[in-house]
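Letter by letter, the chains look like this.
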Amino acid sequence: MLIIFPFKAGFLYDKIKQLGDMKYNITTQCCLKTVLYKGDSLNKQVVGNICLKINAKLGGINHILAPKSKPAVLKRPVMVMGADVSHPAPESRGLKPSIAAIVASVEPKAANYEVEIRIQDGGQNEEVIQDMKQVTKNLLVKFHAANKGRKPEKIIMFRDGVSEGQFLTVLARELLAMRQACKELEEGYEPQITYIVVQKRHHTRFFPADNNKYKNGNALAGTVVDQGINHPTEGDFYLLSHEGIQGTSRPCHYQVLWDDSDFTADELEVLSYYLCHLYSRCTRAVSYPTPTYYSHLVADRARKHHNELASYDGGSTSGSSFNELSENQKRDIKKLVEEGVKKAMYFV
């Protein structure tokens, strides 16, 4: 269902998405009339971008990696995961809950992703995903079903939103939960797990000293820095995967917290770089690996669904109205949001 707005209406958009995704199970695509038309004629670039989104939502694959570019690790059964935790605004802390979103690829092209959502306890806005064991189990079962009974040999997790002070806590709890999930599914099943934290909020920028740069002075896409300014003992690297069109490009900082597969630095850098090319909303490379981007989109959409459902009873989407709901109502909303949307890739 294509909906064209005459003006920007955030509250209407949220309502349409909640009804389309959760109540009627209809794929919806919203756009603005002012953006759709350029003068008197249709803006073909905008129409093209909307078609990319519609195709992805309907289960199509917009683009895949060419065989010669495909990293070797993706040629075996591997599950690429992305995870993010969305926290409420500061004024709603303790009133609205945090929402964890986890996505996982279920096919060799790493283009289609399955989704799991968890509403976390609102008392403490912590970064750890509390139900990681069950989430991993569910995603492994979906992978198993989509691949005719094959199990992933490796699991590669790209984790967003973790600050340096939380590295050990998050790693210890989530990695352990993922291992337990594998063991409980099948005795002796121990896939190799690689756990990488992706950070965008830092103050490191690259300025090329030679002519290897774009016209606006930004470093070229694919620039990697893995020595000199990095941590002396921890495996980390900076990767600039996108072409900065406006302003100074901000590289992504990848911290490898755990690696059972003993990947070389080059292998992880190439994998991260090519995952930035699989984002189905556009035909360029983006600054984040696709699974991390998708988990962020899922968490955002789940927040919209949660706000809409909470406002049924409270009359508004403010934090106080959610706090006035009974425990049963909160439990029902939690169940509805966590059950999620039946359609895959609805969040694109």
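Residues numbered from 1 in each chain as written. Predicted model: local features only at pLDDT ≥ 70, side-chain atom pairs only at ≥ 80, totals over all residues. Heavy atoms only, no water.

Looking at this structure, I do not really get the side chain of Ser 241. What am I missing?
With respect to the helices and strands, the residue Ser 241 is situated in the loop between β11 (235-240) and β12 (252-259). By relative accessible area, which is 1% here, Ser 241 ends up buried. At 3.5 Å, the side chain of Ser 241 forms a polar contact with the backbone oxygen of Ser 287. In this structure, Ser 241 is in contact with Ala 221, Gly 222, Tyr 273, Cys 276, Ala 285, Val 286, Ser 287 and Tyr 288, ignoring residues within four places of it in sequence. (Helix = DSSP H or I, 4+ residues; strand = E, 2+ residues; numbered from the N terminus. Buried < 20%, exposed > 50% of the residue type's maximum accessible area, 1.4 Å probe, protein only. Polar contact = N/O pair within 3.5 Å; in protein donor to acceptor, adjacent residues only side chain to side chain. Contact = heavy atoms within 4.5 Å.)

Sorry, what's going on with the pairing of strand β5 (residues 78-86) here?
If a strand is regular, its side chains alternate between the two faces of the sheet. Most of β5 is tucked away: 9 of the 9 residues are buried. What you see with β5 is no split at all: Val 78, Val 80, Gly 82, Asp 84 and Ser 86 on one side and Met 79, Met 81, Ala 83 and Val 85 on the other are buried throughout. By the bridge criterion, 6 bridges tie β5 to strand β8 (residues 154-160) in an arrangement that is parallel. Its bridge partner being in β8, Gly 82 is matched across the sheet by Phe 158. With 6 bridges joining them, β5 and strand β6 (residues 99-105) adopt antiparallel strand pairing. Considered in β6, the bridge of Met 81 is made with Ala 104. (Pairing = 2+ DSSP bridges.)

How should the layout of surface pockets be read in this particular structure?
Gaps between atoms show up when a probe of the same size as a water molecule is rolled over them. Looking at the largest pocket, its volume works out to about 590 Å³. In terms of lining, the largest pocket is formed by 26 residues, of which the most central are Tyr 13, Gln 29, Cys 30, Lys 53 and Arg 281. Every element with two or more residues in the lining of the largest pocket is listed here: α1 (10-23), β2 (29-32), α2 (33-36), α3 (44-57) and α7 (290-314). In terms of residues, the lining of the largest pocket owes the most to one element, α3, which gives 5 residues. Here the lining of the largest pocket is built from residues that sort into 15 nonpolar, 3 polar and 8 charged. For the second largest pocket, the calculated volume is near 500 Å³. (1 Å grid on protein atoms, 1.4 Å probe; cavity = no way out; pocket = protein on both sides within 12 Å on 5 of 7 lines; lining within 4 Å. Points joined across faces, edges and corners; volume = space filled by probe spheres on them. Nonpolar A, V, L, I, M, F, W, Y, C, P; charged D, E, K, R; others polar.)

Even after reading the chapter, I still don't get the nonpolar core, so can you show me in this structure?
A general feature of soluble globular proteins is that nonpolar side chains tend to end up buried together. With 47 residues, the main nonpolar core has Phe 158, Tyr 254, Tyr 294 and Phe 347 as its most contacted residues. Per element, the largest residue contribution to this core is 7 residues, and it comes from α7. Other than its neighbours up to four places away in sequence, Tyr 254 contacts Phe 158, Ile 196, Val 197, Val 198, Gly 235, Asp 236, Phe 237, Leu 239, Ser 272, Cys 276, Ser 287 and Pro 289. Listed in part, the 29 residues of the second largest apolar core include Ala 104, Ile 129, Phe 167 and Leu 171. (Core = buried A, V, L, I, M, F, W, Y, C linked by side-chain atoms within 4.5 Å.)

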